[in-house]
Amino acid sequence: MTTIKQAPVTAHSRVLGIGGVRGENVVSNDDIVGPIDSSDEWIQQRTGIVTRRRAGADVDVIDLSEAAARLALEHAGISAEQLDTVIVSTVTYFRQTPAAATQVADRIGATPAAAYDISAACAGYTYGIAQADALVRSGAAQYVLVIGAEKMSDFIDPTDRSISFLLGDGAGAAVVGPSDFPGIGPSVWGADGSRADLIYQTEDWRSALKSGTWPTLRQEGQSVFKWASFQMVDVARKAIEAAGVTAEDIRAFIPHQANMRIIDQMIKQLKLPDGIAVGRDIAETGNTSAASIPLATERLYRDGQVHSGDLALQIGFGAGLAYGAQVIVLP
Ligand SMILES: CC(C)(COP(=O)(O)OP(=O)(O)OC[C@H]1O[C@@H](n2cnc3c(N)ncnc32)[C@H](O)[C@@H]1OP(=O)(O)O)[C@@H](O)C(=O)NCCC(=O)NCCS
């Protein structure tokens, strides 16, 4: 048998830079409570959301991705030509094909980087980081751009009380590349398709085209709440253990921005240290699905709450049901 060469492996990977953008319109609770018979007070108490950010009609997932990508590249000090892979995680891009990522790569000047989309909803960013880490260390890529981008407002029903009022638009991005030290702990990720009916699109595209109704999102809020508040704590614990550290070592907790009460519940159960930086971007941005973790990270930097070298625990969870978590060294 003739032997072939395999790509030389790279010992370590890390996140080199992070950036994010939000939809330009600030939508208050009062702006949306009418059709769902709710109130600013109820929404703030039950979710922690004060405003959500939504993009204008002429903005799409590619526009949001491009803007976030440019900021992440700048933060990383990497040029677009150095990228060899671009991954866009989204569930709100309207074309089955071609992937949004190929156009994002073209817009930022990353051609001919490999470019593809992944669909893992609110776990999408952590899935992207898991892939980027594996690609870099396996030698399949050197610099990978991971983008979580969503225009959730295209899938809301103003009369829906289950999820629409939570949702916002935005994109967050991270550049992952080689490192002198371990910068991304083992990813603890998984899915449970037997619970696919807990968060879903009301109709698939084929039946929506036949019926002429626009599909929107729905969820079984209480079941999702319980799953996220309790089962995701085990996943987070496993990610801490897998990274070979303890809860006391974690300096920032950056969970998916689904509900402030879920975030508080997780902090309590994980026994994270007092004074730790916590991603609470949901208050102003709402739930932006795959974009929410990098956006919350970006805000912690802007607010001076995290610093380069801090250990951050990030965990994404949502439709699928799908989840992913890892401890990373912040760039
Ligand atoms: C959606 C969510 C905020 C609803 O909050 P909740 O506390 O579970 O609300 P419940 O469904 O238990 O309903 C409690 C009461 O509020 C009412 N209510 C429900 N939705 C409401 C709304 N949007 N506005 C006002 N009242 C509402 C209910 O009718 C009920 O009234 P009752 O006590 O008179 O019967 C919450 O379940 C949640 O955040 N779930 C998980 C979200 C999540 O993580 N989703 C995305 C994963 S990616």
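Within each chain, residues carry numbers counting from 1 in the order of the written sequence. Restriction of local features to residues with pLDDT of at least 70 applies here, the model being predicted, together with a cutoff of 80 or more for giving and counting side-chain atom pairs; totals for whole chains, interfaces and linings are based on all residues. Hydrogen atoms and water are omitted, and side-chain values are computed over all heavy atoms in the structure.

**Student:** In this structure, what is going on with the overall build of the protein chain? I would like to understand it.
**Tutor:** The secondary structure content of the protein chain amounts to ten helices and 14 strands. By the compact-globule yardstick of 20 Å for 331 residues, the protein chain fits well, its C-alpha radius of gyration being 19 Å. In terms of overall dimensions, the protein chain has a C-alpha envelope of 65 × 50 × 40 Å along the principal axes. For the exposure calls, accessible area comes from a 1.4 Å probe over protein chains only, and a residue counts as buried if that area is under 20% of its type's maximum, exposed if over 50%, partly exposed in between. Buried positions account for 56% of the 331 residues belonging to the protein chain. Only heavy atoms enter the contact rule, under which two residues are in contact if any of them lie within 4.5 Å. Counted over contacts in the protein chain with a minimum sequence separation of 6, partners at least 24 positions apart contribute 77%. Charge separation in the protein chain, taken as the distance between the mean sites of 27 positive and 38 negative side-chain charges, equals 4 Å. Helix and strand labels come from DSSP, where a helix needs a run of H or I of at least four residues and a strand needs a run of E of at least two; each type is numbered from the N terminus. Every radius of gyration here is taken over C-alpha atoms, with the globule rule written as 2.2 Å times N^0.38, N being the number of residues. Positive charges are assigned to Lys and Arg, negative charges to Asp and Glu, while His and the chain termini are left out of the count. To locate a charge, take NZ of a lysine, CZ of an arginine, CG of an aspartate or CD of a glutamate.

**Student:** Hey, could you run me through the sheet that holds strand 6 (residues 144–151) in this one?
**Tutor:** Paired through their backbone hydrogen bonds, the strands of a sheet run either parallel or antiparallel. For two strands to be treated as a pair, DSSP must find at least two bridges joining them. Overall, mixed pairing links the five strands, which are arranged 1-7-6-4-5 in an open sheet. Two strands close off the open sheet at either side, each with one partner strand: strand 1 (12–22) and strand 5 (114–118). Between one strand axis and the next, the sheet turns through 15 degrees on average, direction left out of account. Bridge count for strand 4 (residues 85–89) against strand 5 is five bridges, and the pairing is parallel. Among the inter-strand pairings, T85 is bridged to a residue of strand 5, identified as A114. The sheet contacts of helix 4 (residues 100–108) involve strand 4, strand 5 and strand 6, and relative to strand 5 the element is tilted by about 135 degrees. All axes are obtained by fitting lines to C-alpha atoms, using only the stretch in contact for helices, and the reported angles, taken between N-to-C directions, cover 0 to 180 degrees. Strand contacts of helix 5 (residues 124–138): strand 1, strand 4, strand 5, strand 6 and strand 7 (169–179), with the helix running at about 20 degrees to strand 7, the strand carrying the most contacts.

**Student:** What is the right way to read the packing of helix 3 (residues 61–76) against helix 4 from this model?
**Tutor:** What describes two packed helices is the angle between their axes and the distance between those same axes. Running from N to C, helix 3 and helix 4 cross one another at 50 degrees; their axes reach a closest spacing of 9 Å. Compared by their axis directions, helix 3 and helix 4 come out oblique. Regarding helix 3 and helix 4, the two cross each other, and that crossing is right-handed. Residues I62, D63, S65, E66, A69, R70 and L73 of helix 3 lie in contact with helix 4, whose contacting residues are A100, Q103, V104, R107 and I108. Note on residue classes: Ala, Val, Leu, Ile, Met, Phe, Trp, Tyr, Cys and Pro are nonpolar, Asp, Glu, Lys and Arg are charged, and everything else, Gly too, is polar. A breakdown of the residues in the contact of helix 3 with helix 4 according to their chemical character gives six nonpolar, two polar and four charged. By definition in this entry, angles of less than 35 degrees are roughly parallel, angles greater than 145 are roughly antiparallel, angles of 65 to 115 are roughly perpendicular, and the rest are oblique. For a crossing to be left-handed, the near helix must be turned anticlockwise from the far one by less than a right angle; the clockwise case is right-handed.

**Student:** Sorry if this is basic, but what is going on with the site of the ligand here?
**Tutor:** By convention in this text, a residue qualifies as near a molecule or strand provided that one of its non-hydrogen atoms is within 4 Å of it. Residues in close proximity to the ligand total 22 residues, the closest being S38, R46, Q219, Q222 and N259. S38 is positioned with one of its side-chain polar atoms (N or O) 2.6 Å from a nitrogen atom of the ligand. Taken by itself the ligand offers 940 Å² of open surface, and the protein chains cover 73% of this. For the shell around the ligand, the secondary structure elements donating two or more residues are helix 2 (40–47), helix 7 (221–242), helix 8 (260–270) and strand 13 (311–318). Identification of polar contacts relies on pairs of N or O atoms within 3.5 Å, with a donor-acceptor requirement for protein atoms, meaning one able to donate a hydrogen and the other able to accept it, and with residues adjacent in sequence counted only if both atoms are side-chain atoms. Areas reported here follow the Shrake-Rupley algorithm with a probe of radius 1.4 Å; residue values treat only the protein chains shown as occluding.

**Student:** I tried to follow the packing of helix 7 against helix 8 on my own but got confused; where do I start?
**Tutor:** At a minimum axis distance of 9 Å, the contact between helix 7 and helix 8 shows a crossing angle of 40 degrees. Relative to helix 8, helix 7 is oriented oblique. As for the relative orientation of helix 7 and helix 8, their crossing is right-handed in sense. Listed contacts from helix 8 to F225, A228, S229, F230, M232, V233, A236 and R237 of helix 7 are R261, I262, Q265, M266, Q269 and L270. Broken down by class, the residue content of the contact of helix 7 with helix 8 amounts to nine nonpolar, three polar and two charged.

**Student:** I keep staring at the packing of aromatic side chains and nothing clicks. Help me out?
**Tutor:** Ring pairs (aromatic) are described by centroid distance and by the angle formed between their planes. Side-chain rings of Phe, Tyr and Trp, where Trp is taken by its six-membered ring, are said to pair if the distance between their centres is within 6.5 Å; with planes under 30 degrees apart they count as stacked, over 60 as edge-to-face, and otherwise as tilted. Summed over the entire model, instances satisfying the criterion amount to nine aromatic pairs. For the pair Y127 and W189, a centre-to-centre distance of 4.9 Å together with 80 degrees between the ring planes defines the contact as edge-to-face. With Y127 in helix 5 and W189 in strand 8 (residues 188–191), this residue pair connects regions lying 62 residues apart in the sequence. Through a chain of ring-to-ring contacts, the aromatic side chains of F94, F155, W205 and W214 assemble into a single cluster.

**Student:** Please explain the pattern of salt bridges as it appears in this structure.
**Tutor:** Oppositely charged side chains can pair when the atoms bearing their charge come close. Salt-bridge detection follows one rule: a side-chain nitrogen of Lys or Arg within 4 Å of a carboxyl oxygen of Asp or Glu. Scanning the model with the defined rule gives 14 salt bridges in all. Measuring nitrogen to oxygen at the nearest pair gives 3.7 Å for the salt bridge that ties D154 to K151. Between R218 and D157 there is a salt bridge whose closest N-O contact spans 2.9 Å. Taken together, the residues R218 in strand 10 (residues 217–219) and D157 in the loop between strand 6 and strand 7 connect sequence positions 61 residues apart. For D157, a relative accessible area of 17% corresponds to the buried category. Several salt bridges share partner residues, and in doing so they unite R22, D281, E284, E298, R299 and R302 into one network.

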